[in-house]
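# Structure at a glance
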Amino acid sequence: MKEINLTIDDQALSVSQDTTILQAAEKLGIKIPRLCYHPDLSIEGACRICIVEVDGSRNFVPSCATPVREGMRVRTNSPEIRQARRDLIELILDNHPRECQICERDGNCELQNLAYAMGVRDRLFEGKRKRHEIEKSSLAVIRDAEKCILCRRCVRVCAEVQGVTNLSQLYRGVETVVAPAYEQGMADSVCIACGQCINVCPVAAFLENNSTDRVWAALADPSKHVVAQIAPSIRAAIGEGFGLAPGTPMTGQTVTALHRLGFEAVFDTNFGADLTIVEEANELIKRLEKNDRLPLLTSCSSGWIKFMEHFYPEMIPFASTCRSPMSMLSVLLKTYYAEKTGRNAKDIFVVAIMPCTAKKFEAERSEHCSADGYPYTDAVLTTREFIWMIKSYGINFTMLPEGEFDAPLGFSTGAADLFGTTGGVMEAALRTAAEKLTGKPLTELNFDQVREVKGLKEASIEIAGRTLNVAVANGLNNAKTILERVKKGEKTYHLIELMACPGGCIAGGGQPYPPDNHYVLDPEIARLRAKALYRIDEAKAIRVAHRNPFIEKLYQDYLEQPGSHRAHELLHTTYTPREPRGIK
Amino acid sequence: MSAESNQHLDSETIAFMDACLQKEHPKSYLIAVLHKIQQRYGYLSQAHMDQVAQHMQIPTSIISGVSTFYHFFRLQPRGKFSISICLGTACFVKGADKVLDAFRTELGIELGETTPDGLFSLESSRCLGVCALAPVVTINDKIYSKVTAKQVPELLNSVKAAAID
């Protein structure tokens, strides 16, 4: 590629010709202010905050959308540019609610931070402001068009990363809103509830449907036995909410925080993950034996499951019937645990701390409710909601001593920790499947072929004299790619891991907003969080799911054996094609 | 009209879509297809847009974005009586905006909408070329001249009465 020479703020540099001014400036340590720009999404050029002066240009140019040219002389700061940027921000603010102090994003709002950084200290414009009701039909994601600044990041992530294209700009001019087709409620749309629109939103136009009030109420209700479970990826990300670097594992502190908040027992979704692997590996081995319904598609990610039901209902027979680890554990809490502790299932209130907004949807699915209609999981909190509860309660999280999960549903193997990252479910399944198929313990537990934080991975793995073709997809556009390959019969696959969010649960729609020096959905954050999970796995004595002694005991006492009638009744589920049908 | 729109798109429209799909950049023919449907059915129903989405494999959110962006597209069936108020310069100067307000208040609908009973729909037009008669209102093919806001309730009543006869 041709090298281009230019100067930015009087500093000379040369960059390849496909570089934009904004990217070139970053190489010099100049961060041009920006709002709609996202490095992993297409260029929108909607906000004009990143304007710069280019010698010979009549107007300011948007640096995100302008490629470099030979001999270009760029100025990123001049009194005129600074004034223009300030005006642009003021114009956005003028059409934005003045309620920062009571907004969910107060303190981590990109618009607020930008306005401060650009020196907006007065509100000079006064115009008509748009008014919209908050759209709350979805259990997972709520939409507040009044706060929307029309940067279209959500539109782009929904289409370009998730392949869902549920959101679009409707109407025009001052009436423009971002919404699903026909301005339907999110609950009536093809929304898969992944929450990535919340992650990329610079303001609070998208948020999770908050469940903290219900949890506070349960904690204050003496007739309820309130218990918690935490997903694998929480421990690797929660520290960021308290100023720690991404990838600082905080498992023990999280357990202690839950106890201090008043949870009577704290269990680990990891136990559900171990159990999922035992059931799923059993399913895989059976299907391999009969050469039946291959590839087996994993079923842990509730966003992926909803995507399958809207977009690929023809693939439903291939999906594992295993409930997600969260739902498996919740079922056990309201059956096995209830019986063991002599409690009525209805008095147990199960709160799941999840990196995920789709889990809020999953919890309310009728498939995950008991025959008499109560949900197995009573409330799902995102990592963000949980962080807020800890802060709200005055708990100094980083100073907490490390607590221990309650037995027996709090013990897990290293395989379970991997569930939080892309490739982790695959690796955990391969460990168990390999040991079961060969009848021998594995000497090498790490399956590096599936480990990278990358959208699409494929590997061929030799186990017991046969080759298993496996694939791992995260970000549902990648799921489309792999499922189309399967449908066209381009290659025979045996097991495919699918996760809705790019990078897996560690980058879920409910995870903390990015810390300074990172951008939202920065793969580097996902890598750091994944590394923490791999470290936790390495440090554990037992790293293969089926060797979890409490799982073995659970089968002896309660579930008979993997795939038994009882196990099916409690641990497996069904899926239904959903309307509206998605467009692939 | 609305019963018809619940049905599937007719074979002519489907054939048109199929022809578009054979061309280079087939999805760029979305607007042409929407025009065709509006020509045939008078407006774009959600059911029809859903069918276009499936047939052309274009997400409904995109179709919805296009159909709400362009003023030409109607998203509701026209009423039995289509009221059009000229907002051209001469009519506007003569108070067409007040006439429009009166229709909005009387009918309880905005421009581009249809009353729930399906009787009236409200639209605006630009200069009909009879500025001497300003402000001008047309109801279906009939022209009403020098309309004032005050006359609007009576005008609507007379149209309704004529409809019952």
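Along each chain, residues carry numbers from 1 onward, in the same order as the chain's sequence is written. Following the order in which they are written, the chains are lettered starting with A and the ligands numbered starting with 1. Residue-level local features of this predicted model are given only where pLDDT is at least 70; pairs of side-chain atoms are given and counted only at 80 or more, and the full residue set underlies all totals for whole chains, interfaces and linings. No hydrogens and no water enter the side-chain calculation; it runs on all heavy atoms of the structure.

### Thoughts on the environment of A:Cys191
Defined as follows: By definition, any uninterrupted DSSP run of H or I lasting at least four residues is a helix, any uninterrupted run of E lasting at least two residues is a strand, and each is numbered from the N terminus.
Relative to the assigned elements, A:Cys191 resides in the loop between strand S9 (177-179) and helix H5 (196-200). Taking the C-alpha atoms as reference, A:Cys191 lies 9.0 Å from A:Gly303; in sequence the two are 112 residues apart.

### Describing the interface of chain A and chain B
How we decide: Note on contacts: a residue pair is in contact if any heavy atoms of the two residues lie within 4.5 Å. Once two parts are put together, the accessible area they lose, assessed with a 1.4 Å probe and summed over both, is termed the buried area. Only one rule defines a salt bridge in this text: a Lys or Arg side-chain nitrogen within 4 Å of an Asp or Glu carboxyl oxygen. Whenever two N or O atoms come within 3.5 Å, that pair is a polar contact, provided that in protein one can donate a hydrogen and the other can accept it, and provided that, for residues adjacent in sequence, both atoms are side-chain atoms. Just so you know the grouping, Ala, Val, Leu, Ile, Met, Phe, Trp, Tyr, Cys and Pro go in nonpolar, Asp, Glu, Lys and Arg go in charged, and all remaining residues, Gly too, go in polar.
Facing 14 residues of chain A, the contacting portion of chain B comprises 17 residues. In this assembly, chain A packs against chain B so that about 1,300 Å² is buried in total across both faces, 60% of it on carbon and sulfur atoms. A per-residue breakdown of the area chain A buries against chain B is headed by A:Arg172, A:Tyr182 and A:Ile583, which together make up 53% of the total. Scanning the region where chain A abuts chain B turns up zero salt bridges. Where chain A packs against chain B, one counts seven residue pairs in polar contact (both at pLDDT 80 or more). Looking at side-chain class alone, the side of chain A that touches chain B contains six nonpolar, five polar and three charged residues.

### Notes on the packing of aromatic side chains
All names here are of chain A. Quick reminder of the rule: Centres within 6.5 Å make a pair out of two Phe, Tyr or Trp rings, where for Trp the six-membered ring is used; the pair is then stacked when the planes are under 30 degrees apart, edge-to-face when over 60, and tilted otherwise. Working definition: with a 1.4 Å probe on protein chains only, accessible area under 20% of the residue-type maximum means buried, over 50% means exposed, and in between means partly exposed. The criterion is that NZ of a Lys, or CZ of an Arg, lies within 6 Å of the ring centre and within 35 degrees of the ring normal, and then a charge sits over that ring.
As enumerated under the stated definition, the model contains 14 aromatic pairs over all chains in all. Here the aromatic rings of Phe307 and Phe311 are separated by 4.6 Å at their centres, their planes lie at 15°, and the arrangement is stacked. A residue pair is termed a helical-turn pair when its members lie 3 or 4 positions apart in one helix, as Phe307 and Phe311 do in helix H10 (residues 302-311) at four residues. Each member of the pair Phe307 and Phe311 is classed as buried. Feature note: the residues Trp304, Phe307, Phe311 and Tyr312 constitute an aromatic cluster, connected by ring pairs. It is Arg384 that lies over the ring of Tyr513; its NZ or CZ is 4.8 Å from the centre. Sitting above the plane of the Phe242 ring, Lys391 keeps its charged end 5.5 Å from the centroid.

### Focus on the pairing of strand S12 (residues 265-268) of chain A
All names here are of chain A. Put simply, the rule reads: Each pair of strands is called paired provided DSSP finds at least two bridges between the two strands.
With burial as the criterion, each face of S12 is covered, one bearing Ala265 and Phe267 and the other bearing Val266 and Asp268. Summarising the sheet, strand S11 (residues 225-230) and S12 pair through four bridges and their orientation is parallel. Each residue of the ladder has a partner; that of Gln229, found in S12, is Phe267.

### What about the domain arrangement of chain A?
Residues and elements named next belong to chain A. Selection criterion: Domain start and stop positions are those given by an automatic or database domain assignment.
When cut into domains, chain A gives domain 1 (3-77), domain 2 (141-209) and domain 3 (213-571). In this structure, domain 2 and domain 3 have C-alpha centres spaced 27 Å apart. Overall, the association of domain 2 and domain 3 removes approximately 1,800 Å² of surface from exposure, summing both partners, and the carbon and sulfur fraction of that is 52%. In terms of surface lost to domain 3, no three residues of domain 2 exceed Ile192, Asn199 and Glu208, which account for 32% of the buried area on that side. One can count 18 residue pairs in polar contact (both at pLDDT 80 or more) joining domain 2 with domain 3.

### Thoughts on the sheet that holds strand S5 (residues 72-75) of chain A
Residue and element names in this part refer to chain A. Going by this rule: The angle between two axes is taken between their N-to-C directions and runs from 0 to 180 degrees, where each axis is a line fitted to C-alpha atoms and a helix contributes only its stretch in contact.
In spatial order, the strands read S2-S1-S5-S3-S4; together these five strands make up an open sheet with mixed pairing. Taken across any chain shown, the strands that pair with only one partner, and hence form the sheet edges, are strand S2 (11-16) and strand S4 (61-62). Judged from the two bridges that link them, strand S3 (residues 51-54) and S5 form a sheet pairing that is antiparallel. Bridge pairing in S5 places Glu53 opposite Arg75. Lying over the sheet, helix H2 (residues 79-94) contacts S3 and S5, oriented at roughly 155° with respect to S3.

### With respect to the domain arrangement of chain B
Interfaces are often described in size by the accessible area the parts lose on coming together. As assigned here, chain B comprises domain 1 (4-69) and domain 2 (81-164). Using only C-alpha atoms to locate each centre, domain 1 of chain B and domain 2 of chain B end up separated by 31 Å.

### Side note on the side chain of A:Thr212
Residues and elements named next belong to chain A. Positionally, Thr212 belongs in helix H6 (residues 212-219). A distance of 2.5 Å separates a polar atom in the side chain of Thr212 from a polar atom in the side chain of Asn210. Discounting residues that sit within four places of it in the chain, Thr212 has contacts with Leu381, Glu385, Trp388 and Met389.

### Some words on empty space enclosed by the protein
All names here are of chain A. Note the following rule: Here a cavity denotes grid points, spaced 1 Å and computed from the protein atoms alone, that fit a 1.4 Å probe unable to get out, and a pocket denotes an open set having protein on both sides within 12 Å along at least 5 of 7 lines; residues with an atom within 4 Å of a point are the lining. Grid points are joined across faces, edges and corners, and a volume is the space filled by probe spheres set on the points.
Enumeration over the complete set of coordinates arrives at five cavities of 30 Å³ or more. As for the largest cavity, its lining consists of 25 residues, and the residues nearest its centre are Cys300, Ser301, Pro355, Lys359 and Cys505. Elements that contribute at least two residues to the lining of the largest cavity include exactly H10, helix H11 (325-334) and helix H13 (358-364). Of the residues assigned to the lining of the largest cavity, the class counts are 16 nonpolar, eight polar and one charged.

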